[in-house]
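# Descriptive analysis of the structure
One-letter residues, chain by chain:
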Amino acid sequence: MALFEAQNLRKRFGARVVLENISLSIEDGTVHGIMGPNGAGKTTCFHVLTGHHAPDAGRITFAGRDITGKKPHQIARMGISRSFQIMNLFDDTVVIENVILALPEFRSSGLNPIRDVFGNTALIDRALAVLDQVGLAHRAWEKAAALPYGERRALEIAVALAPEPRIVFLDEPTSGLGTDATRALADLIRDLRNRYTICLIEHDMRFLFDLADRISVIHWGQVIDENTPANLRANKWVARSALGEVA
Amino acid sequence: MPMITLSDIPARGGSPFTPAMGVFLLALSTAPFSLPAVGLYQYLGIEVAIWLIVALGFNLLFGYIGLHSFGHGAYLGIGAYAFGLFQQEIAVSLWGGLLAAISAATIAGGIVAAFISHRRGIYYALMTIAFGQIFWFCAIKLHGVTGGEDGLLGIPRPDFVLGPIRFSLADNTSLYWFSAVLLALVAIGLWRLVNAPFGRVLQAIRQNETRARFVGYDVWRIKWLTFTLSAAFAGLAGGLFSMAQESAYPDVMSLHQSGLIVMMILVGGGLVSFWGPVLGVILYFVARDVIGGITETWLLWFGLMFVIMVMSRPEGIAGLIHVARTRLGHAPAGRSAPKPTEV
């Protein structure tokens, strides 16, 4: 049974249909890629899957529960995390606080006016462990805004991992990264795939085809194919497109 | 030097009795003696205490969660009217009146917050002005309830009664002590609140509402709660205002008053420090009474000072102090949570 499933999702903004009958199925413990040209509806699809936009029609289930139309904070608390194409961090705070804010044990005391969480070494150790996963433990006490671009991307992933999710959605994680940073990110995702189910949108086809177990191809708001990377190379549209040439 | 924010100030756990709190409480407890000694009057202490309650509560919204309300005078006014109406229509009771003031402002704030909490930025600010003007207009037009433009006059100052303890608040010194105790409780409570996880979450929402939502915070509810809380503090201050003035009138709810609250916080440095609003309120009243004693155009000079401050150091006086302390090596910069070795 799939961990995460979307059936016949539709989304329109005014007269413009952005998603038309999108269906996805993500198996537990796999890396599922989403590819497609600019404007295909990939990011909107992510927004709908993670509650940023409610779908106009269709159904989304996670671990057997219907999560259609749930709000982002409700979806996040169920164990679904995401990163963003455009960096979304708490820039004025230090790196470790970005992670602490996302930890479930901090979140559960977030409205407690009395509890002194910043005096809790267990919480800080837990945040440092998350940062260590993405190689940022040594930057823990620096301001998030001061990190170089590649490390900010890594912090985005750390913030997504901190809530101990079952599935992580990564929206173009290599966007703006150089070759070395992309390679490091690929290694990181390879390491994470043993612990999390991952769904990622990516324009870097080598990166995506190298990592994904299955890939959905979205074009004009529809899934035109879903297959393993090897089989997908045989798809005529993928083969003809620049995406396929790169892959 | 980049602009600093409240998040540059380290979170503090444990006791609220820091050196700054000590200075604040000392100033509060000596004001009845120090004010006359420098040629000022007792009533000024009451005014400062009332506006400090408004400003500290308002900064939860303005500085910490970063929601810009320009209509908060309305909740001060609602508290003042509720206190007055309670005394005149129900019973002469200090606690009943204050409870009515807080309740009325909380309910009004809660209703307004429910309409505006899905917004932020310019739309949020404009809606707070719109609701503030609606309350102000109602205060002027509902003659039968509010007394129209004249307001409610002759509101009594009820006695303080707590078990066997009873004393009159008719003179300004005793009302000052009562206001100062309430202010001290508000300051300690708010200090603890903003240095607890709740305060860090407010600041996270200020920095990035979307990210906060996607790590599991119900941002709408927290924005609603913060607005409602700040309205409740304004309501408490309104009750005290009604006692101090022995009247309640629409001018308290005007856009001008709401703007003054914002100005006090910005000049003092509420965007940077918990104590910013305290500095801003004190500076405003010193300007009014000291510069006002020299020239009638004191507000012009205060306005000019505001313009210069915003242009040169938008973090206000508290920001200046923080930068000075950082340069002298007394304040940690750019760090929010304690390192493990410091815990």
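Note that the structure is a prediction, hence the values are computed from the model and not measured. (Residues numbered from 1 in each chain as written. Chains lettered and ligands numbered in written order. Predicted model: local features only at pLDDT ≥ 70, side-chain atom pairs only at ≥ 80, totals over all residues.)

Among the nonpolar cores identified, the biggest contains 177 residues, and Val99 and Ala158 of chain A together with Val54 of chain B are the most heavily contacted of them. Broken down by element, this core gets its largest block of residues, 15 residues, from helix H2 (residues 42–64) of chain B. Discounting residues that sit within four places of it in the chain, Val99 of chain A has contacts with Ala127, Val130, Leu131, Ala158, Val159 and Ala162 of chain A. (Core = buried A, V, L, I, M, F, W, Y, C linked by C-beta atoms within 7 Å. Buried ≥ 20, exposed ≤ 12 C-beta atoms within 10 Å, placed from the backbone. Helix = DSSP H or I, 4+ residues; strand = E, 2+ residues; numbered from the N terminus. Contact = placed C-beta atoms within 7 Å.)

Okay, the packing of helix H3 (residues 95–102) of chain A against helix H6 (residues 149–161) of chain A next. All names here are of chain A. Here H3 crosses H6 at 25°, and the two axes come no closer than 8 Å. In this view, H3 runs roughly parallel relative to H6, as classed from their interaxial angle. As H3 packs across H6, the resulting crossing turns out to be right-handed. Contact residues: Val95, Asn98, Val99 and Ala102 in H3; Leu155, Ala158 and Val159 in H6. For the contact of H3 with H6, a count of residues per class yields 6 nonpolar, 1 polar and no charged. (Axes fitted to C-alpha atoms, helices over the stretch in contact; angles between N-to-C directions. Parallel < 35°, antiparallel > 145°, perpendicular 65-115°, else oblique. Left-handed = near helix turned anticlockwise from the far one by under 90°. Nonpolar A, V, L, I, M, F, W, Y, C, P; charged D, E, K, R; others polar.)

Residue and element names in this part refer to chain A. Strand order across the open sheet formed by 4 strands is S2-S1-S4-S5, with antiparallel pairing between neighbours. Across the chains shown, the open sheet's two edge strands, defined by having one partner strand only, are strand S2 (16–26) and strand S5 (65–66). As defined by bridge partners, strand S1 (residues 4–13) adjoins S2 across 7 bridges and the pair is classed as antiparallel. The partner of Phe4 across the bridge, within S2, is Ile26. Lying on the sheet, helix H1 (residues 42–49) is in contact with S1, S2 and strand S4 (57–62); it crosses S2 at an angle near 65°. (Pairing = 2+ DSSP bridges.)

A separate point is the environment of Ala104 of chain B. Residues and elements named next belong to chain B. With respect to the helices and strands, Ala104 occurs in helix H4 (residues 94–116). With 24 C-beta atoms counted inside 10 Å, the residue Ala104 sits in the buried group. Sequence-distant contacts of Ala104, that is, excluding residues within four places in its chain, are made with Ile78, Gly79, Ala82 and Gly235.

Take the packing of H2 of chain B against helix H10 (residues 219–245) of chain B next. Residues and elements named next belong to chain B. Direction vectors running N to C along H2 and H10 enclose 170°, while the axes themselves pass 7 Å from each other. Classified by the interaxial angle, the pair formed by H2 and H10 is roughly antiparallel. Judged by residue contacts, Ile46, Ile50, Ile53, Val54, Leu56, Gly57, Phe58, Leu60 and Leu61 of H2 engage Thr226, Phe227, Leu229, Ser230, Phe233, Ala234, Leu236, Ala237, Leu240, Phe241 and Ala244 from H10. Within the contact of H2 with H10, the residues separate by chemical class into 17 nonpolar, 3 polar and no charged.

Residue and element names in this part refer to chain B. On the secondary structure map, Gly121 appears in the loop between H4 and helix H5 (122–141). For Gly121, a count of 10 C-beta atoms within 10 Å puts it in the exposed group. In sequence terms Gly121 and His68 are 53 residues apart; their C-alpha atoms lie 7.1 Å from each other.

Quick look at the pairing of strand S8 (residues 197–201) of chain A now. Residue and element names in this part refer to chain A. By the criterion of burial, S8 is predominantly enclosed, with 5 of the 5 residues buried. Here S8 shows two buried faces, one formed by Thr197, Cys199 and Ile201 and the other by Ile198 and Leu200. Of the strand pairs in this sheet, strand S3 (residues 31–35) and S8 are connected by 4 bridges, and their pairing is parallel. Bridging across to S8, Ile34 finds its partner in Ile201. Strand direction decides the pairing type here: strand S7 (residues 167–171) and S8, joined by 5 bridges, are parallel. Along S8, the bridge assignment pairs Asp171 with Ile201. Crossover connection from S7 via helix H7 (residues 179–192) to parallel S8: handedness right-handed. (Right-handed = clockwise from strand over helix to strand, strands pointing away.)

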